[in-house]
Amino acid sequence: MDRPSLYDDDIVTWAEEQAAALRVLAARSDLSNTVDWENVIEEIETLGRSEIHGVESLLLQTLVHVLKYVSAPTAQSTRSWRAEVVAFQSAARRNYKRAMRQRIDWQALWRDARANADVQLRVHGDKLVGGLPETLPFEPDELLAPDFDMDAALERLAAVLKSMADHH
């Protein structure tokens, strides 16, 4: 293999390339049919998808905690939310690969984050702040930046909320 480190550097791309190579092999009639090509290919593709889902889950939790904080800044849990944002964001950043950017549905992630934050806040008698944008107010690079700053994220969200309120 000309890029032996691809597995370590970008398992998503590695899995896609391996699945494509296996499909070519599976189509050859001169090879043994003892290999369960279809399921082997599916397992390799699943490996790549699970890496993406792991990063999506961490980003979702990052956004949920930012939303809870901006919605209930006086809640008793704000310190733990802040700590969890740092943990979730740094884990997402460590596991993120460039090939994931176009495979993540960023708008669905934002919709899910709003819904999850709302449900979690309501359990404690709070509610999601009104006027949130329908589209993700952060660029993916901002969410995954090594210098991600929760205060900057909260300020950005507050500015977006103010801007949306001014336009209504």
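Residues numbered from 1 in each chain as written. Predicted model: local features only at pLDDT ≥ 70, side-chain atom pairs only at ≥ 80, totals over all residues. Heavy atoms only, no water.

**Structural notes on the overall build of the protein chain**
Within the protein chain, the regular secondary structure consists of seven helices and zero strands. Sequence-ordered secondary structure for the protein chain, helices as α and strands as β, is α-α-α-α-α-α-α. Taking 2.2 N^0.38 as the reference for a compact globule, 168 residues should give roughly 15 Å; the C-alpha atoms of the protein chain span a radius of gyration of 20 Å, well beyond that estimate. The principal-axis extent of the C-alpha atoms belonging to the protein chain is close to 65 × 30 × 30 Å. A burial count over the protein chain gives 42% of its 168 residues as buried. For the protein chain, the share of sequence-separated contacts (at least 6 apart) that also reach a separation of at least 24 residues comes to 71%. For the protein chain, the accessible surface area stands at approximately 10000 Å², while carbon and sulfur atoms represent 51% of it. (Helix = DSSP H or I, 4+ residues; strand = E, 2+ residues; numbered from the N terminus. Rg over C-alpha atoms; globule rule 2.2 N^0.38 Å. Buried < 20%, exposed > 50% of the residue type's maximum accessible area, 1.4 Å probe, protein only. Contact = heavy atoms within 4.5 Å. Areas by Shrake-Rupley, 256 points an atom, 1.4 Å probe, with all protein chains shown as cover.)

**What to know about the environment of G130**
You can see G130 is positioned in the loop between α5 (106-123) and α6 (140-143). As a C-alpha pair, G130 and W81 span 49 residues in sequence and 20 Å in three-dimensional space.

**Some points on the confidence of the model for the protein chain**
The pLDDT averaged across the protein chain works out to 90; a share of 97% of its residues lies at or above 70. Least confident of the elements in the protein chain is helix α1 (residues 6-9), whose mean pLDDT is 78; most confident is α5, at 97. (pLDDT = per-residue confidence, 0-100.)

**Focus on α5**
Between its first and last C-alpha, α5 extends 26 Å over 18 residues, near the 26 Å set by a 1.5 Å rise per residue. Along α5, the residues classified as buried are W106, A108, L109, W110, A113, R114, A117, D118 and L121. Residues of α5 that are buried in the fold lie against α3 (37-71), α4 (78-95), α6 and α7 (150-166). Looking one or two residues beyond α5, the residue adopting positive phi is G125, at roughly 80 degrees. (Expected span 1.5 Å × (residues − 1).)

**Observations regarding the packing of α3 against α5**
Taken N-terminus to C-terminus, the directions of α3 and α5 make an angle of 50 degrees; their axes are 8 Å apart at the nearest point. With respect to each other, α3 and α5 are oriented oblique. As α3 packs across α5, the resulting crossing turns out to be right-handed. Across from E56, L59, L60, L63, V64, L67, K68 and S71 in α3, the residues of α5 making contact are W106, L109, W110, D112, A113, R114, N116, A117, Q120 and L121. For the contact of α3 with α5, the per-class residue count stands at eleven nonpolar, three polar and four charged. (Axes fitted to C-alpha atoms, helices over the stretch in contact; angles between N-to-C directions. Parallel < 35°, antiparallel > 145°, perpendicular 65-115°, else oblique. Left-handed = near helix turned anticlockwise from the far one by under 90°. Nonpolar A, V, L, I, M, F, W, Y, C, P; charged D, E, K, R; others polar.)

**As for the environment of E142**
Looking at where E142 falls in the secondary structure, it is placed in helix α6. When the C-alpha positions of E142 and A153 are compared, they lie 8.8 Å apart, and in sequence the two are eleven residues distant. In terms of polar contacts, E142 uses its side chain to reach the side chain of R156, at 2.5 Å. (Polar contact = N/O pair within 3.5 Å; in protein donor to acceptor, adjacent residues only side chain to side chain.)

**Concerning helix α2 (residues 11-26)**
If you check α2, its first and last C-alpha atoms are 22 Å apart, about what 16 residues at 1.5 Å a residue would give, namely 22 Å. Residues I11, V12, T13, W14, A15, A19 and L22 constitute the buried set of α2.

**A word on the nonpolar core**
One finds L59, L63, L67, I104, W106 and L143 to be the most contacted residues of the largest nonpolar core, which totals 49 residues. Those elements that place two or more of their residues in this core are α2, α3, α4, α5 and α7. When residues of this core are assigned to their parent elements, the largest contribution, 14 residues, is made by α3. Those residues within four positions of L59 in sequence are excluded, and the remaining contacts are A92, I104, W106, L109, L143 and L144. (Core = buried A, V, L, I, M, F, W, Y, C linked by side-chain atoms within 4.5 Å.)

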